[in-house]
Amino acid sequence: MLDGQILPNPTRNARLAWADAACLLLILAAAVLLRLTSFVPAVVDTDEGLYMVQAREWLAGGWPLVAAWDMHPIGAPAMFALAFLAFGISVEAVRLLGLICVIATGFALFGLVRAAGAPRSIGVAAGIAYAAHTLLLSGLCTNTELLIAPFVTTAMAIATHAAARALGPAPRAPGWGSLVVMGLLVGWALVVKQVAVPTGCLAFAVLLGPALWRRLLPWRRALAMAAAYAGLCAAPFLAFLLVYWAQGWLADYLDGSILAPFRYSMERMEPAEAARRIGAAAVQLTLLFVAALVALAMWRPSGAARGPAALLTAVALAWFGTASLAIAGPGFFFAHYFLLWLPPLSLLAAVGVWHLALLVARPGLTRPVLAGMVLVLALQGWVPEMRDRLDRGPGLMHRDPVREVAAAVAEAAGPGGDAFIANYHTSVYVIAGVRIATRFPFPPHLTGFFEDLSDTNTTAELDRVLAARPRVIVVDRAWMQTMRPAAAAQVMAAVAAGYELASTVAERRGPVEIYRVRDQTSPEG
């Protein structure tokens with residue numbers, strides 16, 4: 001044997017690989033079991049329906065922002081379209097996409113923990129805590145915050161690995177390979193939603209910061225890497241821009257992807273209402289915050305106690321800060337925005353319960369105690385969802401009004417018919433299999449109070465839609481307050497002049513009316 005040579009141990013390496021695989025399987029099983037009820041209701045949050053319509057239209061040849069407009073980039077409908085191609089056009093396909101994203105994010109959190117050199121138990125705890133709390137805050141459906149999470153979290157895992165190496169006993173600077181993968185991951189997240197910008201910047205800082213601090217990286221190379229990272233992050237957006245420009249749709253692309261989100265951010269919510277929504281979200285995540293506070297209390301950023309857990313705490317705390325900036329940026333604080341908190345908060349909570357288990361458990365009982373704490377964290381997300389599902393949730397113990405409305409719309413419209421949903425769920429277009437009567441299928445953008453986000457004259461568009469006499473018009477009587485008074489009057493005047501009531505579906509909050517265009521040959525016509 002050569003003196004001082006360390007020989008590889010295949011048996012030990014295989015055992016470590018099996019241990020990692022077992023942890024990932026545990027996260028996968030937990031995510032599947034926790035999110036089973038996501039396949040039950042037709043609608044949880046209305047935004048999901050718009051991405052469904054955009055994806056369906058795209059597969060039929062109508063591109064997002066052109067055939068179906070939105071105030072977001074086209075990454076979400078692109079991912080929905082892939083899900084439709086793989087699993088069929090249905091609500092269930094979209095929810096399966098959401099489940100896949102949650103599992104991928106859980107895996108990435110585990111990878112981040114292992115990249116920092118921390119115990120597997122912290123990674124498993126973070127993955128399960130994340131999956132459980134996606135049941136809250138409108139995360140049961142497939143919102144953009146779930147779609148970007150695997151990409152951003154994987155980028156943070158790569159950056160954390162580089163930081164751990166730079167801070168280790170044999171320090172090394174990060175290479176170009178890590179930078180390229182991170183840039184493309186963050187770039188895709190940006191074409192889903194621009195709120196990935198703050199965390200994308202943090203990932204770059206974590207990647208290079210420790211190496212610069214320890215003088216492992218020349219400033220000239222660091223500046224070159226910064227320029228390359230910016231280009232890589234912009235690459236997916238610019239690639240789609242070129243495609244739209246080539247087809248003559250550049251104005252539509254820029255309007256929906258950049259100008260409309262900017263206009264949206266200018267219409268900010270009142271501070272008192274914003275504070276109420278922030279407080280409501282924080283209360284739903286109470287146990288995560290308590291466990292995170294334990295992690296912060298045990299944090300020793302310097303000295304002999306510094307180690308993987310300290311690095312994880314620092315990264316997660318900074319990440320929580322950038323996630324908070326992303327939540328505040330749009331200015332409206334809708335519940336699903338707070339899903340951005342979950343990856344860093346789950347990391348902090350996992351570190352916190354790990355510290356608690358070490359403090360309170362007897363020798364040999366640390367793992368069972370930690371498992372019990374993780375179960376308690378998971379129950380915080382699962383119990384409210386099951387309570388709602390059993391108490392008043394549609395589709396499981398009760399009827400699902402959205403599916404009933406969709407069935408009535410399909411019958412009234414007939415094969416190949418079109419519909420105009422004035423103030424109800426956009427997903428009905430897809431569930432019913434009817435054509436959209438307008439390129440603004442999301443009611444708030446046409447009849448609601450966000451009609452000024454587009455550079456199109458939405459008043460003229462509403463005139464055009466009603467003059468074209470779509471076969472079906474859907475009106476939710478309990479949501480009339482979501483329509484502009486002038487738009488509501490215009491819709492109801494058109495209904496009175498040329499439509500008959502085909503069906504009424506009782507929603508929990510009130511009746512939904514499905515109107516069918518009146519036969520022009522009938523006496524009433």
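Residues numbered from 1 in each chain as written. Predicted model: local features only at pLDDT ≥ 70, side-chain atom pairs only at ≥ 80, totals over all residues. Heavy atoms only, no water.

Direction of pairing for strand S3 (residues 472-476) relative to strand S5 (residues 511-517): antiparallel, over a ladder of five bridges. Paired with Val475 across the strands is Glu513, a residue of S5. Examined bridge by bridge, strand S4 (residues 499-506) and S5 share seven bridges and lie antiparallel to one another. Its bridge partner lying in S5, Ser503 is registered against Ile514. Joining the antiparallel neighbours S4 and S5 is a turn of four residues, in which Gly510 adopts a positive phi near 155°. (Pairing = 2+ DSSP bridges. Helix = DSSP H or I, 4+ residues; strand = E, 2+ residues; numbered from the N terminus.)

Most of S3 is tucked away: five of the five residues are buried. In S3, alternate side chains face the same way, and those of Val472, Val474 and Asp476 on one face and Ile473 and Val475 on the other are all buried. Bridging between strand S1 (residues 418-421) and S3 involves three bridges; their strand directions are parallel. In the sheet register, Ile421 faces S3, and the bridge partner there is Val474. (Buried < 20%, exposed > 50% of the residue type's maximum accessible area, 1.4 Å probe, protein only.)

The next subject is the confidence of the model for the protein chain. On average, the protein chain scores 93 in pLDDT, and the residues at 70 or more come to 96%. Across residues 1-7, confidence stays below pLDDT 50; counting only partners more than four residues off in sequence or on other chains, it has one contact. (pLDDT = per-residue confidence, 0-100. Contact = heavy atoms within 4.5 Å.)

On to the environment of Arg268, then. One can find Arg268 in the loop between helix H10 (250-266) and helix H11 (271-284). The sequence separation of Arg268 and Pro444 amounts to 176 residues, and the corresponding C-alpha distance is 16 Å. Not counting chain neighbours up to four residues away, the residues in contact with Arg268 comprise Ala328, Gly329, Pro330, Gly331 and Phe332. At 3.2 Å, the side chain of Arg268 and the backbone oxygen of Ser265 are in polar contact. (Polar contact = N/O pair within 3.5 Å; in protein donor to acceptor, adjacent residues only side chain to side chain.)

Bringing the nonpolar core into the picture now. Ranked by internal contacts, the top residues of the largest apolar core, which has 178 residues, are Val405, Val409, Phe420, Val428, Val474, Val491 and Ile514. Per-element tally for this core: the top contributor is helix H6 (residues 144-167), with 14 residues. Residue contacts for Val474: discarding those within four places in its chain leaves Val405, Val409, Phe420, Ile421, Ala422, Asn423, Tyr424, Val512, Glu513 and Ile514. (Core = buried A, V, L, I, M, F, W, Y, C linked by side-chain atoms within 4.5 Å.)

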